[in-house]
Amino acid sequence: MSGAANAFLQGISRPESKANGDHPSWLNSLRRSAFEWVGAHGFPTGKDEAWKYTQVAPILEIPFAPAEPGARRALSPDEVIEIAGELGGPRLVFVNGYFVPELSALKSLPAGVKLGSLASAFTQEGEALESLLWRRFRERPQTFTALNAALGEDGAFIRIPAHTSVEEPIHLVFLSDAGATPLVSHPLSVVFAGAGSRVTIVETHAGIAGGIYLSNAVTEIVLDDGAVVEHYKIQNEAESAFHLAFMDVRQGRASRFSAHSVAVGAALARHEVKVALEAPEAQVVLNGLYLPRGRQLLDNPTTIEHAAPHCTSRELYKGVVDGHGRGIFDGRVVVQPGAMKTDASQTNKNLLLSTSAQAYTRPRLEIFADDVKCAHGAAVGQLDDEALYYLRTRGIPQQAARDLLTDAFTAEMLELIQVPPLRSRVRQMLATRFADCPSAGVPA
Amino acid sequence: MLEIRDLHAKVEGREILRGIDLRVNAGEVHAIMGPNGSGKSTLAQVLAGRDSYQVTAGEVRYEGRDLLTLAPEERAVAGIFLSFQYPVEIPGVGNLYFMRTALNALRLQRGLEAIDAMDFLTLAKEKMKLVEMDPSFVNRSVNEGFSGGEKKRNEILQMAILEPKLAILDETDSGLDIDALRTIAAGVNALRAPDRALLVVTHYQRLLEYIVPDHVHVMVNGRLVASGGKDLALELEKRGYAGFEPQPATPATNATRTAVGARP
Ligand SMILES: Nc1ncnc2c1ncn2[C@@H]1O[C@H](COP(=O)(O)OP(=O)(O)O)[C@@H](O)[C@H]1O
Ligand SMILES: [Mg+2]
């Protein structure tokens, strides 16, 4: 490992005693081995295919310190709503990776539903958790999921019993407040959806003020047979923040999972999604919208693994890239031997709003089975000059015409959001983003 | 209102307009006829401000201003409207929303207050009745999947809503059956007023039975080679454009210039 990597690792590790406290011994040994794994394997470089675009070297140069619980200013629930929105359902709020009960709103839930902080789950759930957490790290370790396992102490724990529906969306709000010292947090969200259960989860990741911080977030979702889970992720981190997230999804027979990612924040953000379709007739939909501008880099690696026959996957990612921004979609679809009757489709469309904007699109289909239906398409384009001109001849000023066409490009993604208050919130987020442009649009 | 002097324009390096002179006064209806490829649409697009068409000589004054220095949206604010020969499809932008955005953009730039969604809906419904447009079209994306005739109706609907001073209609009659033609002509005629003018581009005389012009000009090979009253259109219908075959690219002579009768 390089000197910078070593210094980074020393800087973000915490005295062992801290984690020992109430944590079960399996957890302590998992942490130790995860930390050792990072020490032995180091950090990904540009030579690693999967990290070709997300360069971590600049992150390793920053003198990060581990986040502490309680190291934050006083926030009111209203301020949280201001930052993250009110979706009408229960809300768990985390600041710098630690659960803050005073800011959270735990409404009454159907019998048997477990919703709370991971830290309390460690003590309440005991040994049962051992085989369930950080599975991705244990099966296929990778530096940042290993760091999450080694250093993460809190997060969200959600378990929905079989045949139980939670109607209102569960909102997980991860706020970061770095102040003068650059901070690292490692939140983990775990969701177990029992057979035939239904739940909607919304993750909002946002900065409270500016500041430099790294949010190294992991989400693990397991869908039992027939479970239906909708997941939304709104990444609206502070301008100078780093966001490295990994979402691991495993699906049982005839389960249905859909994810929607909206990425607007951070200097550099990577939202990696891996979905394993482990039993027949599972269905997955992955939607994503990323809007880098300035010097932002927003990376969206996804892997869908068809490991069983008769599964369906649908993927639609759209990027709007402005300024010197870079938007990346790297989508792998793997069809394992025996996964016949797989039906997979993947689409990535990018709109470049400036001449220095860049979009990279890498659709990768790896098919090892016969009798499958796989389609993919990728496009990178600019605003249609003909359409712009047409709008302008009707009196719509150039910038407003550009905004109108850009909205038309993103509108499709907004319509896919099934939680109305979230949809209007995202719409508002995009509107203010476009209105930040030099000449604002004409109100219609 | 509009005065075009010795206008030359190039498209992709090729000279298409080769010296156009035309004067349109408020209250007048002018028709420009001519064979395909003679430059009628090029003239219309140059007037609307399409920047891929390069003006190489001449000038255009509109209400005393130098029109060619204005951006397309500024021309619209000044009261110019072009009904496109090939209206553009804009997926994802709702037709009604588009028209309200356009009207309000014009209003704001003219120092007027924006019109709210409810009042606009009332206005749009009234204008849609005028052009007999099926209300279902307002909920669709601008021109997307519209038939040729529906697109033309949609252009005239926009014109009726935006109420321009100088409307340029480029082949608005093509793709329309006779009933549609009558409706659209009624929509256009409803807008005629002493302080407004119309420039109607067509290569059929048929439309001019419904929108009766004060002046008819013949465009051939980038020039207006003849002008006359509404009877000229009938004559062209009988004779065709054979008498006005494209000439070699020589400088305009006095003879061709004086043949343009629209000038006082
Ligand atoms: N965008 C363009 N690119 C290249 N050539 C063009 C373009 N627009 C028009 N032209 C050419 O200019 C000439 C005049 O076209 P146009 O003005 O459309 O004629 P009209 O409307 O009278 O049929 C034609 O030869 C046509 O091919
Ligand atoms: Mg034409």
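Residues numbered from 1 in each chain as written. Chains lettered and ligands numbered in written order. Predicted model: local features only at pLDDT ≥ 70, side-chain atom pairs only at ≥ 80, totals over all residues. Heavy atoms only, no water.

What follows covers the overall build of chain B. Scanning chain B for helices and strands turns up eight helices and twelve strands. Expected size for 264 residues packed as a compact globule is a radius of gyration near 18 Å; at 18 Å, chain B falls within 12% of this value. The proportion of buried residues among the 264 residues of chain B is 53%. The long-range share in chain B, meaning contacts at least 24 apart out of those at least 6 apart in sequence, stands at 71%. As presented, chain B carries roughly 11,300 Å² of accessible surface, and 50% of it is formed by carbon and sulfur atoms. For chain B, the centre of its 31 positive side-chain charges and the centre of its 35 negative side-chain charges are spaced 2 Å apart. (Helix = DSSP H or I, 4+ residues; strand = E, 2+ residues; numbered from the N terminus. Rg over C-alpha atoms; globule rule 2.2 N^0.38 Å. Buried < 20%, exposed > 50% of the residue type's maximum accessible area, 1.4 Å probe, protein only. Contact = heavy atoms within 4.5 Å. Areas by Shrake-Rupley, 256 points an atom, 1.4 Å probe, with all protein chains shown as cover. Lys, Arg positive; Asp, Glu negative; His and termini not counted. Charge placed at Lys NZ, Arg CZ, Asp CG, Glu CD.)

For chain A, the average pLDDT comes to 92, and 95% of its residues sit at 70 or higher. For the stretch residues 438-444 of chain A, pLDDT sits under 50, and the model shows 15 contacts to residues farther than four places along the chain or on other chains. (pLDDT = per-residue confidence, 0-100.)

Attention now goes to the interface of chain B and chain A. With 34 residues of chain B at the contact, the number on the chain A side is 18 residues. The largest contributions to the chain B side of the interface with chain A come from B:Arg50, B:Glu73 and B:Val88, which together make up 23% of the buried area. Taken together, the links from chain B to chain A amount to three salt bridges. Where A:Arg392 meets B:Glu73, a salt bridge forms, and the shortest distance between an N and an O atom there is 2.6 Å. Joining chain B to chain A, the criterion identifies twelve residue pairs in polar contact (both at pLDDT 80 or more). The set of elements that each furnish at least two residues to the side of chain B that touches chain A consists of helix H1 (40-48), helix H2 (72-77), strand E6 (80-83), strand E7 (90-94), helix H3 (95-109) and helix H5 (148-162) of chain B. With ten residues, H3(B) is the single largest residue contributor to the side of chain B that touches chain A. Among the residues making up the side of chain B that touches chain A, the classes are represented as 21 nonpolar, nine polar and four charged. (Buried area = accessible area lost by both parts, 1.4 Å probe. Salt bridge = Lys/Arg side-chain N within 4 Å of Asp/Glu carboxyl O. Polar contact = N/O pair within 3.5 Å; in protein donor to acceptor, adjacent residues only side chain to side chain. Nonpolar A, V, L, I, M, F, W, Y, C, P; charged D, E, K, R; others polar.)

Glancing now at the site of ligand 1. Residues and elements named next belong to chain B. Near ligand 1 you find 13 residues, and of these Arg-14, Gly-37, Lys-40, Ser-41 and Thr-42 are the closest. Ser-41 places a polar side-chain atom, nitrogen or oxygen, 2.8 Å from an oxygen atom of ligand 1. Thr-42 places a side-chain nitrogen or oxygen 2.5 Å from an oxygen atom of ligand 1. A total of 550 Å² of accessible area belongs to ligand 1 in isolation, and the protein chains cover 69% of it. (Near = heavy atom within 4 Å.)

Another aspect to go through is unusual backbone geometry. Residue and element names in this part refer to chain A. A positive phi is found at Glu-281, a non-glycine position, where the angle reads about 65°. Looking at the secondary structure, you find Glu-281 in the loop between strand E14 (268-277) and strand E15 (283-290). Judged by relative accessible area, which is 42%, Glu-281 ranks as partly exposed. Even without being a glycine, His-310 presents a positive backbone phi close to 60°. Mapped onto the elements, His-310 comes out in the loop between strand E16 (297-306) and strand E17 (312-321).

Residue and element names in this part refer to chain A. Locating Arg-364 in the fold gives a position in strand E20 (residues 358-367). Remark: the alpha-carbon pair of Arg-364 and Gly-42, spanning 322 residues in sequence, is separated by 27 Å. Not counting the four nearest positions on each side in its chain, Arg-364 is found in contact with Asp-330, Gly-331, Arg-332, Val-333 and Gln-346.

Residues and elements named next belong to chain B. Within the protein, Ser-41 (OG) and Gln-85 (OE1) serve as the donor atoms for the magnesium ion (ligand 2), at 2.0 to 2.1 Å. Residue Ser-41 is found in helix H1, and its partner Gln-85 is found in the loop between E6 and E7; the two are separated by 44 residues along the sequence. Looking at Ser-41, the relative accessible area reads 23%, which means it is partly exposed. Of the residues examined, Gln-85 reaches a relative accessible area of 17% and is grouped as buried. (Donors = N, O, S within 2.8 Å, 3.2 Å for Na, K, Ca; no water.)

For the rest of this paragraph, the subject is the packing of aromatic side chains. Residue and element names in this part refer to chain A. If you walk through the whole model with that rule in mind, you get 15 aromatic pairs over all chains. An angle of 25° between the planes, with centres 6.4 Å apart, marks the rings of Phe-122 and Trp-134 as stacked. Of the two residues, Phe-122 is situated in helix H6 (residues 118-125) and Trp-134 in the loop between H6 and helix H7 (135-139); the sequence distance between them amounts to twelve residues. For Phe-122, a relative accessible area of 2% translates into the label buried. (Phe/Tyr/Trp six-rings, centres within 6.5 Å; stacked < 30°, edge-to-face > 60°.)

It is worth spelling out the sheet that holds strand E4 (residues 53-62) of chain B at this point. Residues and elements named next belong to chain B. Taking strand neighbours across the sheet as the criterion, the four strands line up as E2-E1-E4-E5 in an open arrangement whose pairing is antiparallel. Edge positions in the sheet fall to strand E2 (14-24) and strand E5 (65-66), since each of these pairs with one other strand and no more. Relative to E4, strand E1 (residues 2-11) is paired through eight bridges, and the arrangement is antiparallel. What sits directly across from Glu-3, in E4, is Arg-61. Lying on the sheet, H1 is in contact with E1, E2 and E4; it crosses E1 at an angle near 110°. (Pairing = 2+ DSSP bridges. Axes fitted to C-alpha atoms, helices over the stretch in contact; angles between N-to-C directions.)

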